[in-house]
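In case you want the letters, here they are:
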Amino acid sequence: MPVERTNESIVIVGAGLAGATAARTLRGEGFAGRISLIGAEKHHPYLRPPLSKEYLLGKAGEDAVPVAPDDWYTENDVDLRLGTQATGIDPGSHRVRLSSGDSLDYSALLLTPGALPRNLRLPGSGLDGVTTFRTLDDCRRLRDTLSPGGKNVVMIGSGWIGMELAAAATSYGNRVTLLGLEDIPLAAAIGPELGAFFRSLHEAQGVRFRLGATAAELGGESGQVTSVVTGSGEVLPADVVVIAVGVAPDVALAEASGLALDNGILTDAGLRTSKPDIFAAGDAANALHPFTGQHHRSEHWSNALNGGKIAAKSMLGQDAVLDTIPYFYTDQYDVSMEYSGFPTLAAGAEPVIRGSLESKEFIAFWQHEGRVVAGMNVNVPRTQKAIKALISSRAAVRPGRLADAGLALDQLLADD
Ligand SMILES: Cc1cc2nc3c(=O)[nH]c(=O)nc-3n(C[C@H](O)[C@H](O)[C@H](O)COP(=O)(O)OP(=O)(O)OC[C@H]3O[C@@H](n4cnc5c(N)ncnc54)[C@H](O)[C@@H]3O)c2cc1C
């Protein structure tokens, strides 16, 4: 149904996946009013997942990265302002101030500022060769540094990004040491057995782990990093240090505008914030999920994509809710993994394994009160739809049936 409303204007702050998807959805839904998309970075909206995978590895070119072709924005009359920061919001007068000195009135405002990489204020963290990793520019710099190979690379942080970057650095023939606070990498996310599975993938490629370990300081010569000193005093040689210790939702603007915050910008299931006509989506939003009745903040691609679509529909007054099952994926060496479900509900549960870890082809299920709440398929493609259906059904499934590879996943739902 076309939505003319030509006298209305929508401002979107944050030109990443969530913001650009919202703009595309607005035009797709027939909104004919003004759309301003404000982006602090100088690049057209782009996808981040390839930055730590195929684009970093040189296996994919520039066309793997954009959310939409560059000319889509002009062709669809979207006022895209790159290299421009939104510096203030006045919710009362419905106005946004920009770093350019302009200000924009809005009938609806969407905040999609994403997340910022956490940094470590260590002695030496300002040395050349030390970086966090979030942007296309970070990726291009790191690719230039890693691609010749032969360097000592220390990855601080053994989460998904640290592990993906370790895989890429190793593939280029660099010597990688991965430093992690946990005794087993990823154990908090997927448990010790599966965390050990990912560690063994890396060890087989020569990655060295220092676990249960902290970085105490970074050493250098002539302004360039040369080592990482651990909390136990071990000196690890380093030409490159990547600090990959997670991200924090970027709530600076929302906080200054008086929006309700709790681990991000709080929203209802329709992505409305605590202030009238202001919405939030993507990494920065902590949205009420109808499936659990709890707020969930997700730092994943599918949440930004789906959140952008739902926020656009909500801004148009449609009865839309973000109720998709959370999803993310990772690629490391010869392993492609997809995870669907609710990590908070799965936390602490023993996974049920269908297949074998040794063959690197399996599905892990997590249950809560007899119901499947999360599933992770490793090198078993085209199963995430069935896993999501299993989660959505809330059906109780006996663990023996989940583990029985002779039963098709859709049969589990039909017969149990
Ligand atoms: C290296 C990397 C690899 C990843 N891999 C995966 C993966 O394999 N699978 C997966 O599911 N997810 C992955 N993710 C996560 C996924 O990319 C994010 O969840 C997604 O990018 C979030 O989109 P967003 O639009 O909310 O925020 P962002 O992509 O962070 O975009 C927000 C934008 O808003 C801008 N901004 C902030 N404040 C302002 C302001 N005041 N004014 C103007 N602009 C502003 C920021 O500069 C930024 O460009 C990865 C992330 C990274 C960094």
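Residues numbered from 1 in each chain as written. Predicted model: local features only at pLDDT ≥ 70, side-chain atom pairs only at ≥ 80, totals over all residues. Heavy atoms only, no water.

## Considerations on the overall build of the chain
Each helix and strand counted, the chain has twelve helices and 26 strands in total. Over its C-alpha trace the chain gives a radius of gyration of 22 Å, about what one expects of a compact globule, namely 22 Å for 416 residues. Overall, the chain is about 65 × 60 × 35 Å in size when its C-alpha atoms are taken along their principal axes. Counting only residues that meet the buried cut, the chain has 51% of its 416 residues in that class. Long-range pairs, those at least 24 residues apart, make up 60% of the contacts in the chain with a sequence separation of at least 6. If you sum the accessible surface of the chain, you get close to 17,800 Å²; carbon and sulfur atoms cover 49% of it. Charged side chains in the chain number 36 positive and 48 negative. The centres of these two groups are separated by 1 Å. (Helix = DSSP H or I, 4+ residues; strand = E, 2+ residues; numbered from the N terminus. Rg over C-alpha atoms; globule rule 2.2 N^0.38 Å. Buried < 20%, exposed > 50% of the residue type's maximum accessible area, 1.4 Å probe, protein only. Contact = heavy atoms within 4.5 Å. Areas by Shrake-Rupley, 256 points an atom, 1.4 Å probe, with all protein chains shown as cover. Lys, Arg positive; Asp, Glu negative; His and termini not counted. Charge placed at Lys NZ, Arg CZ, Asp CG, Glu CD.)

## Points about the nonpolar core
The biggest cluster of nonpolar side chains holds 60 residues, and the ones touching the most others in it are Phe 198, Trp 366 and Met 376. Looking at this core, the element that brings in the most residues is helix 4 (residues 160-171), giving six residues. In this structure Met 376 touches Ile 190, Leu 194, Phe 198, Met 337, Glu 338, Tyr 339, Phe 362, Ile 363, Ala 364 and Trp 366, once residues within four positions along its chain are discounted. Counting residues in each nonpolar core, the second largest holds 33 residues, with Ala 18, Ala 22, Leu 26 and Leu 322 among its members. (Core = buried A, V, L, I, M, F, W, Y, C linked by side-chain atoms within 4.5 Å.)

## Topic: the packing of helix 1 (residues 17-28) against helix 8 (residues 301-315)
For the pair helix 1 and helix 8, interaxial distance at closest approach is 7 Å and the crossing angle is 40°. In terms of orientation, helix 1 lies oblique with respect to helix 8. Our pair here, helix 1 against helix 8, has a crossing hand that is right-handed. Facing Leu 17, Ala 18, Thr 21, Ala 22, Thr 25 and Leu 26 of helix 1, the residues of helix 8 in contact are Trp 301, Ala 304, Leu 305, Gly 308, Lys 309, Ala 312, Lys 313 and Met 315. (Axes fitted to C-alpha atoms, helices over the stretch in contact; angles between N-to-C directions. Parallel < 35°, antiparallel > 145°, perpendicular 65-115°, else oblique. Left-handed = near helix turned anticlockwise from the far one by under 90°.)

## A word on the pattern of salt bridges
A complete count under the given rule lists 14 salt bridges for this structure. Its salt-bridge partner being Glu 164, residue Lys 53 comes within 3.1 Å of it at the nearest N-O pair. Of this pair, Lys 53 sits in the loop between strand 2 (34-38) and helix 2 (72-75) while Glu 164 sits in helix 4, and the two are 111 residues apart along the sequence. Of the charged contacts in the structure, one is a salt bridge between Lys 360 and Asp 334, with a shortest N-O distance of 3.1 Å. Of this pair, Lys 360 sits in the loop between strand 24 (352-356) and strand 25 (361-368) while Asp 334 sits in the loop between strand 22 (327-332) and strand 23 (335-341), and the two are 26 residues apart along the sequence. The exposure class of Lys 360 is partly exposed, given its relative accessible area of 27%. It is possible to trace a salt-bridge network through shared partners that takes in Asp 79, Arg 81 and Asp 102. (Salt bridge = Lys/Arg side-chain N within 4 Å of Asp/Glu carboxyl O.)

## Section: the sheet that holds strand 16 (residues 240-243)
Sheets are built from strands that pair by backbone hydrogen bonding, the pairs being arranged parallel or antiparallel. If you walk across this open sheet you meet the five strands as 9-16-10-11-12, and the pairing is parallel. The open sheet has two free edges, formed respectively by strand 9 (130-131) and strand 12 (208-211), since each of these has just one partner strand. As paired elements, strand 10 (residues 152-156) and strand 16 share four bridges and run parallel to each other. What sits directly across from Met 155, in strand 16, is Val 242. Set on the sheet, helix 4 makes contact with strand 10, strand 11 (175-180), strand 12 and strand 16; between it and strand 11 the angle comes to about 170°. (Pairing = 2+ DSSP bridges.)

## A look at the pairing of strand 24
The two faces of the sheet receive side chains in turn, since in a regular strand these alternate between them. The pairing of strand 24 with strand 25 spans five bridges and is antiparallel. Note that in strand 25 the partner of Val 352 across the bridge is Phe 365. Connecting the antiparallel pair strand 24 and strand 25 is a turn made up of four residues, with Lys 360 showing a positive phi of about 60°.

## What to know about the sheet that holds strand 4 (residues 86-90)
Strand order in the open sheet formed by three strands is 4-5-6, with antiparallel pairing between adjacent strands. Of all strands in the sheet, those with a lone pairing partner are strand 4 and strand 6 (103-105), marking the two edges. The mean angle between the axes of side-by-side strands here comes to 20°, regardless of whether they run parallel or antiparallel. With three bridges connecting them, strand 5 (residues 95-98) and strand 6 associate as antiparallel partners. Residue pairing across strands places Arg 95 opposite Asp 105, the latter belonging to strand 6.

## Examining the packing of aromatic side chains
Taken as a whole and assessed by the stated rule, the structure comprises ten aromatic pairs. An angle of 45° between the planes, with centres 5.7 Å apart, marks the rings of Tyr 339 and Trp 366 as tilted. Here Tyr 339, found in strand 23, pairs with Trp 366, found in strand 25; they are 27 residues apart in sequence, far enough to count as distant. Look at Trp 366 and you get buried, because its relative accessible area is 3%. Among the aromatic residues, those joined into a ring-pair cluster are Trp 160, Phe 197, Phe 198, Phe 328, Tyr 339, Phe 362 and Trp 366. Of note, Arg 24 hangs over the ring of Trp 72, and the distance from its end group to the ring centre comes to 5.7 Å. Geometry around Phe 291 places Arg 394 over its ring, the cationic atom sitting 3.9 Å from the centre. (Phe/Tyr/Trp six-rings, centres within 6.5 Å; stacked < 30°, edge-to-face > 60°. Lys NZ or Arg CZ within 6 Å of the ring centre and 35° of its normal.)

## A few points about the domain arrangement of the chain
Taken domain by domain, the chain comprises domain 1 (9-116 + 248-315), domain 2 (130-245) and domain 3 (334-415). Computed from C-alpha atoms alone, the centre-to-centre distance between domain 2 and domain 3 is 30 Å. Contacts between domain 2 and domain 3 engage seven residues on the former and twelve residues on the latter. With both chains or domains summed, domain 2 and domain 3 bury close to 830 Å², and 83% of this area falls on carbon and sulfur atoms. Where domain 2 packs against domain 3, one counts zero salt bridges. Run the count over domain 2 and domain 3 and you get zero residue pairs in polar contact (both at pLDDT 80 or more). Looking at the side of domain 2 that touches domain 3 element by element, the count peaks at five residues for helix 6 (residues 192-204). A class-by-class count of the residues in the side of domain 2 that touches domain 3 yields six nonpolar, no polar and one charged. (Domains from an automatic or database assignment. Buried area = accessible area lost by both parts, 1.4 Å probe. Polar contact = N/O pair within 3.5 Å; in protein donor to acceptor, adjacent residues only side chain to side chain. Nonpolar A, V, L, I, M, F, W, Y, C, P; charged D, E, K, R; others polar.)

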